[in-house]
Amino acid sequence: MQRRITPAALLITAFLALTGCGTNTGTEPATSSPPPSSATASPTPSPAKTYTDADLSSLLSTLKDAEGRPLTVVPAAQIDQGIIKAKEVLKSATFTPPECNVFADSNSQVPEDSTYAAGTSVSAADKTAIVVTVIALKDAKELRDHLDASKKASAACRNFTVELAGQKITTEVQEVNARTKGDQSFAALAKQSLSTGEKQTALPMTGIKGNLAATAVKAGPDVTPNAVAELAQLIDTILAHG
């Protein structure tokens, strides 16, 4: 596998970020709140905001990386092609331990009623790439439940191996203390070792606000948890519109 990050790899990373697959995305524990008193009526939920793919692409076009470079918005048709290719790859993926198949089985479908967009930034100097994806659903609960499903599986998958596309990839996942300005946040550092001897690290970070979720992934040979500040800024810029 080449060390440079190809457009095809970026598309697959974008797909994984959209679906929460391949990384242990999750949510912070919800804090309990007292039941409403009889004198206080429960507030009526605000209707979910609606976003078109074009709306979300427009949001991404305003983002800049830490070096001040605008993100390149991935054309919608190219994202859809990448999703199809990634699904085909995941169909033949073998996870060890087997329960980690949840990342392919339960998260390999982008919900039909969702809208989404992706943007990328590549730095040749430090051999890193950033992929930012944003997805909106009509039902905010569906979005939270989707992340919760991955959260439940993560305990058994701190260390796992996946064989796909002729490669055996061993992954070690470590949760990272990170917070966005959304209602829920999660980040994890994934260290990957390929059967070729190549090593790669990815730091995916997710923030949710209402029915809008943004995920930023920074990947490269020397990515560290220190990248959370950069990723949080990108995510917060998107969630400000939620």
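Above: the structure in question.
Residues numbered from 1 in each chain as written. Predicted model: local features only at pLDDT ≥ 70, side-chain atom pairs only at ≥ 80, totals over all residues. Heavy atoms only, no water.

### Considerations on the sheet that holds strand β6 (residues 167-175)
Within a beta sheet, neighbouring strands are joined by backbone hydrogen bonds and run either parallel or antiparallel to one another.
Then, number 1: Taken together, the 9 strands give an open sheet; going across it, the order is β1-β3-β4-β9-β8-β7-β6-β5-β2, and neighbouring strands pair in antiparallel fashion. Each end of this open sheet is capped by a strand with a single partner; those strands are β1 (72-73) and β2 (94-96).
Then, number 2: The pairing of β6 with strand β7 (residues 184-194) spans 7 bridges and is classified as antiparallel. Each bridged residue has a counterpart across the sheet, and for Thr-170 the counterpart in β7 is Ser-193.
Then, number 3: Where helix α2 (residues 53-60) meets the sheet, it contacts β1, β3 (115-123), β4 (128-136) and β9 (212-220), and its direction lies at approximately 25° from that of β3. (Pairing = 2+ DSSP bridges. Helix = DSSP H or I, 4+ residues; strand = E, 2+ residues; numbered from the N terminus. Contact = heavy atoms within 4.5 Å. Axes fitted to C-alpha atoms, helices over the stretch in contact; angles between N-to-C directions.)

### Digging into a negative patch on the surface
Then, number 1: Together, Glu-112, Asp-113, Asp-139 and Glu-142 line one region of the surface with negative charge.
Then, number 2: In this structure, Glu-112 sits in the loop between α4 (102-105) and β3.
Then, number 3: Assessed through its relative accessible area of 85%, Glu-112 is described here as exposed. (Patch = residues over 30% accessible without salt bridge, like charges linked within 9 Å, V, L, I, M, F, W, Y side chains within 5 Å. Areas by Shrake-Rupley, 256 points an atom, 1.4 Å probe, with all protein chains shown as cover. Salt bridge = Lys/Arg side-chain N within 4 Å of Asp/Glu carboxyl O. Lys, Arg positive; Asp, Glu negative; His and termini not counted. Charge placed at Lys NZ, Arg CZ, Asp CG, Glu CD. Buried < 20%, exposed > 50% of the residue type's maximum accessible area, 1.4 Å probe, protein only.)

### Some points on the nonpolar core
Grouped burial of nonpolar side chains is what soluble globular proteins tend to show.
Then, number 1: Counting 29 residues, the largest nonpolar core has Leu-56, Val-132, Leu-203, Met-205, Leu-212 and Ile-238 as the members making the most contacts within it.
Then, number 2: Broken down by secondary-structure element, the contributors of at least two residues to this core are α2, β4, β7, β8 (199-209), β9 and α6 (228-239).
Then, number 3: The element best represented in this core is α6, accounting for 7 residues.
Then, number 4: Counting residues in hydrophobic clusters, the runner-up holds 13 residues, among them Ala-93, Val-162, Ala-188 and Leu-194. (Core = buried A, V, L, I, M, F, W, Y, C linked by side-chain atoms within 4.5 Å.)

By themselves, these observations are geometric and do not establish any function.
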